[in-house]
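What follows is each chain in one-letter form.
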Amino acid sequence: MSILDALLVGSAMMPERYKQLGVEEMERRVRDIKLKFGSRLLIPGHHYQKDEVIQFADITGDSLQLAQQITDAEYIVFCGVHFMAETADMLSAPSQTVVLPDMRAGCSMADMANMQQTEAAWERLQAIYGDTIIPLTYVNSSAEIKAFVGRHGGATVTSSNAKGVLEWAFKQKERILFLPDQHLGRNTAYELGIPLHDMAVWDPEGNELVTDRENVQGIQVILWKGHCSVHEKFTVDNIRSIRERDSEVQIIVHPECSREVVELSDYAGSTKYIIDTINAAASGTKWAIGTEMNLVNRIIHTHSDKQIESLNPHMCPCLTMNRIDLPHLLWSLEQIEAGKPVGVITVPDSIKVDAIKALDRMLNIQ
Ligand code: 13P
Ligand code: SF4
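Residues numbered from 1 in each chain as written. Chains lettered and ligands numbered in written order. Predicted model: local features only at pLDDT ≥ 70, side-chain atom pairs only at ≥ 80, totals over all residues. Heavy atoms only, no water.

Draft legend 1. Spotlight on empty space enclosed by the protein. What the rule picks out here adds up to one cavity of 30 Å³ or more. Ranked by residue count, the leading element in the lining of the largest cavity is helix H5 (residues 82–91), at four residues. Each residue belonging to the lining of the largest cavity can be placed in one class, and the counts come to 10 nonpolar, two polar and no charged. (1 Å grid on protein atoms, 1.4 Å probe; cavity = no way out; pocket = protein on both sides within 12 Å on 5 of 7 lines; lining within 4 Å. Points joined across faces, edges and corners; volume = space filled by probe spheres on them. Helix = DSSP H or I, 4+ residues; strand = E, 2+ residues; numbered from the N terminus. Nonpolar A, V, L, I, M, F, W, Y, C, P; charged D, E, K, R; others polar.)

As structure tokens, this is what we get:
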């Protein structure tokens, strides 16, 4: 569901009175509800969430870790973005209720591929290549896109397992259609040894394949023209200016950054990989990190023995992740307590059946 769709379905909005509450009172009320519900309530928190929210998370992780750790709690209050809550709904039992504390917490990348565009692309690509393509989608996509991929024999991927899933996909078919993040697709395929000239971009606006190759039959990876508006803000100039200032700074970025940025960095990997690398780094080492700002700030505060900065000094947090704040968390918990949950995420069975196939294929590749 796009952010616009979420607003159009008339989701309930948090009453103004929650904005007037003091932090201490809100924290106390959240703690009380957590205590009251115990294991009947699970709060998963993605690493990009604000500190004021993550402090109440029962489990924290990247999108793969969170998908793997869903318990049998009656209520799952998902502190992350819409596609993650949809995944939690699909991987949990029908008796469990998944709640997203603010329905406006979407993902601009996930909104870059809709069903109409995907069906149109598939038709054109089948006409060019026949039955030689397997579709893969980054989990940062709607449940409908996951269902499309599942229906056509493909799988979902996350930034933690993209390499393994692409290797699996090449054993199934000659070509991959990778939705919706061109950068994760390109960086992963390149890491597997696919030359850049064997990759083309699918432009969903023009409904066309963009390549300078004359013989399109040589294309092995078709990259959907989507991107993350947060990670695209890390640039080659950011890297050059840090290197000029201090050659000892090591640069680590998320693979949603462009190929050029990944190429010039020292390390690239998922959110979990970035956290693990900094945790294992020696005291006194210097780092510039190219990923979401809430996480970078948290890493800075937990590693006072290292010199850590954001790769882009003017970086902002992911605005949609930031929609989930303490007032929204409290409101959603109090609605559950009152027996009137709001922001309930329910993927229709007609979509779930095929989307689960794509998710299961990914989870079985681990
Ligand atoms: P991870 O898969 O690393 O959790 O990333 C999710 C995301 O939204 C990155 O922008
Ligand atoms: Fe989506 Fe980018 Fe925000 Fe991740 S950081 S949720 S990909 S907009």
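From this point, things continue past the structure.
Draft legend 2. Highlighting the pattern of salt bridges. Overall, the coordinates contain 22 salt bridges when judged by the stated rule. In this structure, Glu-191 engages Lys-163 in a salt bridge whose closest nitrogen and oxygen atoms are separated by 3.7 Å. Of this pair, Glu-191 sits in helix H9 (residues 182–191) while Lys-163 sits in helix H8 (residues 162–172), and the two are 28 residues apart along the sequence. Owing to a relative accessible area of 53%, Glu-191 belongs among the exposed residues under this scheme. When the shortest N-O distance is used, the salt bridge between Glu-174 and Arg-175 registers 3.6 Å. Judged by its relative accessible area of 3%, Arg-175 falls in the buried class. Taken together, the shared-partner salt bridges in this structure form one network comprising Glu-25, Arg-28, Arg-29, Asp-32 and Glu-334. (Salt bridge = Lys/Arg side-chain N within 4 Å of Asp/Glu carboxyl O. Buried < 20%, exposed > 50% of the residue type's maximum accessible area, 1.4 Å probe, protein only.)

Draft legend 3. Focus on the UniProt feature "binding site: iminosuccinate" (unreviewed entry) in the protein chain. In this numbering, the UniProt entry assigns the feature "binding site: iminosuccinate" (unreviewed entry) to His-46, Ser-63, Tyr-138, Val-139, Asn-140, Ser-159, His-254, Pro-255, Glu-256 and Thr-271. Of the annotated residues named above, the ones that line the largest cavity are Ser-63 and Val-139. Inspection of the secondary structure assignment puts Asn-140 in the loop between strand E6 (133–138) and helix H7 (143–151). Here Asn-140 falls in the buried class, since its relative accessible area comes to 8%. Apart from the residues within four sequence positions on either side, Asn-140 is in contact with Phe-83, Cys-107, Met-109, Ala-110, Pro-180 and Glu-256. Checked against the element boundaries, Ser-159 lands in the loop between strand E7 (155–157) and H8. In contact with Ser-159, other than residues within four places in its own chain, are Tyr-138, Leu-184, His-254, Pro-255, Ser-270 and Thr-271. (UniProt positions renumbered as here; feature names shortened; annotations may be inferred. Contact = heavy atoms within 4.5 Å.)

Draft legend 4. Representation of the UniProt feature "binding site: [4Fe-4S] cluster" (unreviewed entry) in the protein chain within the structure. When the UniProt feature table is mapped to this numbering, "binding site: [4Fe-4S] cluster" (unreviewed entry) covers Cys-107, Cys-228 and Cys-318. Taken together, the annotated residues stretch across 212 residues yet fold into one region, lying no more than 9.6 Å apart by C-alpha. Tracing the sequence through the fold places Cys-107 in the loop between strand E5 (97–99) and helix H6 (115–129). What makes Cys-107 buried here is its relative accessible area of 14%. Residues contacting Cys-107, with those up to four places away along its chain left out, are Val-81, Phe-83, Asn-140 and Thr-320. Its location among the elements puts Cys-228 in the loop between strand E11 (221–224) and helix H10 (236–245). Once residues within four sequence positions are removed from consideration, Cys-228 is found in contact with Met-109, Asp-181 and Glu-256.

Draft legend 5. Region of the structure containing the environment of Ile-252. In this structure, Ile-252 sits in strand E12 (residues 250–253). Ile-252 sits in the buried class, given a relative accessible area of 0%. In this structure the C-alpha to C-alpha distance between Ile-252 and Gly-130, which are 122 residues apart in sequence, comes to 39 Å. Among residues more than four places away in sequence, those in contact with Ile-252 are Tyr-267, Tyr-273, Ile-274, Thr-277, Ile-278, Trp-287, Ala-288, Ile-289 and Gly-290.

Draft legend 6. Representation of the packing of aromatic side chains. According to the stated counting rule, one finds three aromatic pairs in the structure shown. Look at Tyr-267 and Trp-287: their rings are 5.7 Å apart centre to centre, the planes differ by 40 degrees, and that puts the pair in the tilted class. Linking Tyr-267 in strand E13 (residues 267–268) with Trp-287 in strand E14 (residues 286–290), this pair joins segments that are 20 residues apart in sequence. Overall, the relative accessible area of 30% leaves Tyr-267 in the partly exposed class. Classification of Trp-287 by relative accessible area gives buried; the value is 3%. (Phe/Tyr/Trp six-rings, centres within 6.5 Å; stacked < 30°, edge-to-face > 60°.)

Draft legend 7. Quick look at the site of ligand 1. Near ligand 1 the following residues occur: His-46, Tyr-48, Asp-62, Ser-63, Tyr-138, Asn-140, Ser-159, His-231, His-254, Glu-256 and Thr-271. Interatomic distance of 2.7 Å between a side-chain N/O atom of Ser-63 and an oxygen atom of ligand 1. With respect to ligand 1, the side chain of Thr-271 contributes an N or O atom lying 2.4 Å from an oxygen atom. In isolation ligand 1 has 300 Å² of accessible area, and contact with the protein removes 95% of it. (Near = heavy atom within 4 Å. Polar contact = N/O pair within 3.5 Å; in protein donor to acceptor, adjacent residues only side chain to side chain. Areas by Shrake-Rupley, 256 points an atom, 1.4 Å probe, with all protein chains shown as cover.)

Draft legend 8. Molecular detail of the packing of helix H2 (residues 23–37) against helix H14 (residues 326–337). One can describe the packing of H2 onto H14 by two numbers: an axis separation of 10 Å at closest approach and a directional angle of 40 degrees. With respect to each other, H2 and H14 are oriented oblique. Considering how the two elements wind past one another, H2 and H14 form a crossing that is left-handed. For the pair H2 and H14, the contacting residues are Val-23, Met-26, Glu-27, Arg-29, Val-30, Ile-33, Lys-36 and Phe-37 in the first and Leu-326, Pro-327, Leu-329, Leu-330, Leu-333, Glu-334, Ile-336 and Glu-337 in the second. (Axes fitted to C-alpha atoms, helices over the stretch in contact; angles between N-to-C directions. Parallel < 35°, antiparallel > 145°, perpendicular 65-115°, else oblique. Left-handed = near helix turned anticlockwise from the far one by under 90°.)

Draft legend 9. How the structure looks around H9. In terms of burial, H9 is a largely internal element, eight of the 10 residues being buried. Residues of H9 that are buried include every one of Gln-182, His-183, Leu-184, Gly-185, Arg-186, Asn-187, Thr-188 and Ala-189, and no others. Capping of H9 at its N-terminal end is provided by Asp-181; its side-chain oxygen lies 3.1 Å from the backbone amide nitrogen of His-183. Just beyond H9, the residue with positive phi is Gly-193, at close to 95 degrees.

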